[in-house]
Amino acid sequence: MFTNLNYNKEMLSSDKRSGSISWQSPSNIAIVKYWGKHGLQLPCNPSVSFTLSNAFTKTTLEWTLKNKNITDEVSFEFWFEGRRNELFEKKQVKFLNSISNIFPFLVEYNLKVSSENSFPHSAGIASSASSMSALALCLCSMEKEVLGTNISKRDFDEKSSYISRLGSGSACRSVFSRVASWGKCEQINGSSDLFATEIPNIHEKFLNFQDTILIVSGKEKEVSSSVGHGLMTGHPFATQRFAQAKYNIEKIIESLKTGDLNVFGEVLEEEALTLHSMMMTSRPSFILLKPESLEIISKVKKFREESSIPLYFTLDAGPNIHLLYPKEYVKEVISFINEEILEHLDSKRYIQDEVGLGPSLAQLL
Ligand code: PMV
């Protein structure tokens, strides 16, 4: 899909030898988790996420036509927060070469990507969703510029989600506003394993839902996502897990429409704990939760019972906890965090985020 079969070099506009574009793209937090993949970054089960707002990557892509192109390799520099980063550069060159059938014109240009994150280093927040989606959006914009193609917003979004997915699975959901799903499922019209789609008509309770990210550890992930997904192949509970995710998608979609916070919270927490159970029972096994994560989870449950405030937790494949709740309870939740949770956090750090509207064009870096 999206392979460019009609391309030939003559199509490149010679009056525009160089150009640049900049996108800001957010991270997302999965409600129903994607864990397990097959083929070329295809999910074993559908997933749903909230697009965030404050945790984002800003990426600028600059291109200049080569004087003479004698290689069929991509020429590429990667700068992160003002410094050239050769480690990321190697990974991204590999990625760009792998999508040369979709963007065959890339080899004709010298490319420079500059990127920065809104969230601090060592916050333990995975940046692959925001960074891969920002890069994918820049590439799709560049294609429009250099080939002069006319593409509808829907096709542009689909294509950038598809490219994001090839870079990092969950990144494909970041392209859309508020709530996105990825993976073929009956309940969602137009859903696909190849790219994400936006779930429209969300209940107003969720439109500005809060996500307070509690930094239990700012260290890098102990287990990379690819290793984690790989552990689902041949996992003793894989079949049950994929069936559970499909069932949970149904429940979550219903609750997102009706505003039923009880069902939402039940599914959210079940998904987070199942993800960790899968890792604890894989071969080899991994325990990614820290004692502090467990302390926080039990305090959140107690707080919810005593205050009747709909405060729920979720986790990614690491020890940090995302607290999700309606905006009207920000004051109560922040006092709860300050009074009872800070002692469990790495350098007492937390990041306040909320459901957001997705990527936007940005100022050049
Ligand atoms: O996109 P990846 O390969 O980094 O995998 C992300 C997996 C989870 O964050 C644990 C779940 C998800 O759906 O985002």
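In short, a report on the structure. Since the model is a prediction, treat every value here as computed from it, not as a measurement. (Residues numbered from 1 in each chain as written. Predicted model: local features only at pLDDT ≥ 70, side-chain atom pairs only at ≥ 80, totals over all residues. Heavy atoms only, no water.)

**Looking at the packing of helix H7 (residues 291-307) against helix H8 (residues 330-341)**
And step 1. Look at H7 against H8: their axes get within 12 Å of each other, and the N-to-C directions meet at 135°. Between H7 and H8, the angle is such that the two are oblique. When you trace H7 past H8, the crossing you get is right-handed. For the pair H7 and H8, the contacting residues are Ile296, Lys299, Val300 and Phe303 in the first and Glu332, Phe336, Glu340 and Ile341 in the second.
And step 2. Of the residues in the contact of H7 with H8, the class split is 5 nonpolar, no polar and 3 charged. (Axes fitted to C-alpha atoms, helices over the stretch in contact; angles between N-to-C directions. Helix = DSSP H or I, 4+ residues; strand = E, 2+ residues; numbered from the N terminus. Parallel < 35°, antiparallel > 145°, perpendicular 65-115°, else oblique. Left-handed = near helix turned anticlockwise from the far one by under 90°. Contact = heavy atoms within 4.5 Å. Nonpolar A, V, L, I, M, F, W, Y, C, P; charged D, E, K, R; others polar.)

**Brief notes about the pairing of strand E5 (residues 75-80)**
And step 1. Of the two faces of E5, only the one carrying Phe76, Phe78 and Phe80 is buried; Ser75, Glu77 and Trp79 on the other face are not.
And step 2. Sheet topology note: the E5/strand E7 (residues 109-117) ladder contains 6 bridges and is parallel. Opposite phenylalanine 76, over in E7, you have leucine 111 as the bridge partner.
And step 3. Where E5 meets strand E6 (residues 83-84), 2 bridges bridge the pair, whose relative direction is antiparallel. Across the sheet, tryptophan 79 pairs through a bridge with arginine 84, a residue of E6.
And step 4. Hairpin connection from E5 to E6: 2 residues lie between these consecutive antiparallel strands, with glutamate 81 at a positive phi of about 45°. (Buried < 20%, exposed > 50% of the residue type's maximum accessible area, 1.4 Å probe, protein only. Pairing = 2+ DSSP bridges.)

**Examining the nonpolar core**
And step 1. Judged by nonpolar contacts, the single largest core of 40 residues is most densely connected at Phe105, Leu111 and Ile163.
And step 2. Broken down by secondary-structure element, the contributors of at least two residues to this core are strand E1 (18-32), strand E4 (47-65), E5, helix H1 (86-98), E7, helix H2 (128-147) and helix H3 (153-167).
And step 3. The element that contributes the greatest number of residues to this core is H2, accounting for 11 residues.
And step 4. Among all residues touching isoleucine 163, those that are not within four sequence positions of it are Phe95, Ile99, Ile102, Phe103, Ala136, Leu139 and Cys140. (Core = buried A, V, L, I, M, F, W, Y, C linked by side-chain atoms within 4.5 Å.)

**Examining the site of the ligand**
And step 1. Around the ligand lies a shell of 13 residues, among which Tyr34, Ser170, Arg173, Ser225 and His229 are the nearest.
And step 2. Residue serine 168 places a side-chain N or O atom 3.3 Å away from an oxygen atom belonging to the ligand.
And step 3. Contact between the ligand and arginine 173: an oxygen atom at 2.8 Å from a side-chain N or O atom of the residue.
And step 4. Expressed as a share of its isolated accessible area of 380 Å², the protein-covered part of the ligand is 91%.
And step 5. Taken together, the residues of the shell around the ligand sort by class into 5 nonpolar, 5 polar and 3 charged. (Near = heavy atom within 4 Å. Polar contact = N/O pair within 3.5 Å; in protein donor to acceptor, adjacent residues only side chain to side chain. Areas by Shrake-Rupley, 256 points an atom, 1.4 Å probe, with all protein chains shown as cover.)

**Brief notes about the pattern of salt bridges**
And step 1. The final tally for this structure, using the stated rule, is 13 salt bridges.
And step 2. In this structure, lysine 290 and glutamate 222 form a salt bridge, with 3.2 Å as the shortest nitrogen-oxygen distance. Here lysine 290, found in the loop between helix H6 (261-280) and H7, pairs with glutamate 222, found in the loop between strand E10 (210-214) and helix H4 (225-230); they are 68 residues apart in sequence, far enough to count as distant.
And step 3. Residue lysine 290 is classed as partly exposed on the basis of its relative accessible area, which comes to 28%.
And step 4. In this structure, lysine 299 engages glutamate 343 in a salt bridge whose closest nitrogen and oxygen atoms are separated by 3.4 Å. Taken together, the residues lysine 299 in helix H7 and glutamate 343 in the loop between H8 and strand E13 (350-354) connect sequence positions 44 residues apart.
And step 5. Overlapping salt bridges, with partners in common, bring together Glu77, Arg84 and Glu89 in one network. (Salt bridge = Lys/Arg side-chain N within 4 Å of Asp/Glu carboxyl O.)

**Observations regarding H1**
And step 1. Here H1 contains 13 residues, and its C-alpha end-to-end distance of 18 Å stays within 8% of the 18 Å for a straight helix at 1.5 Å per residue.
And step 2. All buried positions along H1 are accounted for by Glu89, Gln92, Val93, Phe95 and Leu96. Each buried residue of H1 sits inside an arc of 165° when the element is viewed along its axis, so together they form one side. Facing away from the buried side of H1 by over 90 degrees, the exposed positions are Leu87, Lys90, Lys91, Lys94 and Ser98.
And step 3. Summarising the contacts, the buried residues of H1 are in contact with E5, E6, E7, H2 and H3.
And step 4. In this structure asparagine 85 caps H1, since a side-chain oxygen of it lies 3.2 Å from the backbone nitrogen of leucine 87. (Expected span 1.5 Å × (residues − 1). Arc of directions from axis to C-beta.)

**Things to note about the pairing of E10**
Residues in a regular strand project their side chains so that they alternate between the two faces of the sheet.
And step 1. Among the 5 residues in E10, 5 count as buried, and that is most of the element.
And step 2. Side chains Gln210, Thr212 and Leu214 of E10 all project onto a buried face; the interleaved residues Asp211 and Ile213 project onto the opposite face, where all are buried too.
And step 3. Bridging between E10 and strand E12 (residues 321-325) involves 5 bridges; their strand directions are antiparallel. Across the sheet, residue aspartate 211 finds its bridge partner in E12, namely leucine 324.
And step 4. The sheet contact formed by E10 and E13 spans 5 bridges and is antiparallel. Each bridged residue has a counterpart across the sheet, and for glutamine 210 the counterpart in E13 is glutamate 354.

**Some details on the sheet that holds E13**
And step 1. Taken in spatial order, the 4 strands of this open sheet run E11-E12-E10-E13, and their pairing is antiparallel. If you trace the sheet from one side to the other, it starts and ends with strand E11 (312-315) and E13, each paired once. Strand-to-strand, the axes of this sheet are offset by a mean angle of 25°, without reference to chain direction.
And step 2. Against the sheet, H7 engages E10, E11 and E12, with an angle of about 155° to E11.

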